[in-house]
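Each chain, written out:
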Amino acid sequence: SKLTALARYFQLKGISKENVITVGDNFNDLEMILEYHGAAISTGNPQVVKKAEKVVNSVGELMGV
């Protein structure tokens, strides 16, 4: 899963959870969105959007650009 891969990568690189931002739009992204308090893209799967703490229109919006 994306969550497993990201967790392993962050562990290998010494990156803490607080320094991670995740964003996704479908069920395969939901675990990582929830684990890393990430965002869902507003046009994504409605059930994923509903469960996310934050919803954005684009990755750029999430990054503040």
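In case you missed it, the structure is sitting above this.
By convention here, each chain's residues receive numbers from 1 onward along its written sequence. Totals for whole chains, interfaces and linings use all residues, but because this is a predicted model, local features are given only for residues with pLDDT of at least 70 and pairs of side-chain atoms are given and counted only at 80 or more. With hydrogens and water set aside, each side-chain value is computed from the structure's full complement of heavy atoms.

Asks: In this structure, what is going on with the side chain of Asp-29? I would like to understand it.
Replies: Helix and strand definitions follow DSSP, with helices as H or I runs of at least four residues and strands as E runs of at least two, each counted in order from the N terminus. Looking at the element boundaries, Asp-29 is found in helix 2 (residues 27-35). Burial classification: accessible surface area is computed with a 1.4 Å probe over protein chains only, and a residue below 20% of its type maximum counts as buried, one above 50% as exposed, and the rest as partly exposed. Judged by relative accessible area, Asp-29 falls into the buried class, the value being 3%. In what follows, a contact means two residues having at least one pair of non-hydrogen atoms within 4.5 Å. Not counting residues up to four positions away in its chain, the partners in contact with Asp-29 are Lys-2 and Gly-24.

Asks: Just to check I follow, could you spell out a nonpolar patch on the surface for this structure?
Replies: Patch membership requires over 30% relative accessible area and the absence of a salt bridge. Like charges are linked within 9 Å, and nonpolar side chains (Val, Leu, Ile, Met, Phe, Trp, Tyr) within 5 Å. Residue burial considers only the protein chains on display, and all accessible areas are found by Shrake-Rupley using a 1.4 Å probe. Any Lys or Arg side-chain nitrogen found within 4 Å of a carboxyl oxygen on Asp or Glu counts as a salt bridge. A surface patch of nonpolar side chains, amounting to about 340 Å² of accessible area, comprises Val-59, Met-63 and Val-65. Assessed through its relative accessible area of 60%, Met-63 is described here as exposed.

Asks: Is there a simple way to think about the packing of helix 1 (residues 2-13) against helix 2 in this case?
Replies: Geometry of a packed helix pair, given as the angle between the helix axes and the separation of the axes. Helix axes use the C-alpha atoms of the stretch in contact, all axes being lines fitted to C-alpha atoms, and the angles between their N-to-C directions lie in the range 0 to 180 degrees. Between helix 1 and helix 2, the shortest axis-to-axis distance is 7 Å and the interhelical angle comes to 45 degrees. By the criterion of interaxial angle, the relationship of helix 1 to helix 2 is oblique. Facing Lys-2, Leu-3 and Leu-6 of helix 1, the residues of helix 2 in contact are Asn-28, Asp-29, Glu-31, Met-32 and Glu-35. For the contact of helix 1 with helix 2, a count of residues per class yields 3 nonpolar, 1 polar and 4 charged. Any angle from 65 to 115 degrees is called roughly perpendicular, while one under 35 is roughly parallel, one over 145 is roughly antiparallel, and all others are oblique. Amino acids outside the nonpolar list (Ala, Val, Leu, Ile, Met, Phe, Trp, Tyr, Cys, Pro) and the charged list (Asp, Glu, Lys, Arg) are all regarded as polar, and Gly is one of them.

Asks: Help me understand the sheet that holds strand 3 (residues 54-56), please; the structure alone is not making it clear to me.
Replies: Across a sheet, paired strands are connected by hydrogen bonds in the backbone, their directions being either parallel or antiparallel. Criterion used throughout: strands pair if DSSP finds at least two bridges between them. If you trace the 3 strands from one edge of the open sheet to the other, you get 1-2-3, paired in parallel fashion. For this open sheet the edge positions go to strand 1 (23-24) and strand 3, each flanked by a neighbour on one side alone.

Asks: Sorry if this is basic, but what is going on with the packing of aromatic side chains here?
Replies: The description of an aromatic ring pair rests on the distance of the ring centres and on the angle between the ring planes. Only Phe, Tyr and Trp rings take part, Trp by its six-membered ring, and two of them pair if their centres are within 6.5 Å. Stacked means planes under 30 degrees apart, edge-to-face means over 60, and tilted covers everything else. Applying the stated rule across the entire model yields 2 aromatic pairs. Between the aromatic rings of Tyr-9 and Phe-10, the centroid separation amounts to 6.0 Å while the plane-to-plane angle is 65 degrees, which identifies the pairing as edge-to-face. Relative to Tyr-36, the ring of Phe-10 has its centre 5.6 Å away and its plane inclined at 85 degrees; by these criteria the two rings are edge-to-face. Separated by 26 residues along the polypeptide, Phe-10 in helix 1 and Tyr-36 in the loop between helix 2 and strand 2 (39-41) bring together distant segments of the chain. Neither residue differs from the other here; Phe-10 and Tyr-36 are each classed as buried. One aromatic cluster is present, formed by Tyr-9, Phe-10 and Tyr-36 through successive ring pairs. Charge-over-ring contacts are defined here by two conditions on Lys NZ or Arg CZ: a distance within 6 Å of the ring centre and an angle within 35 degrees of the ring normal. Residue placement shows Lys-17 over the ring face of Tyr-36; its charged tip is 6.0 Å from the ring centre.

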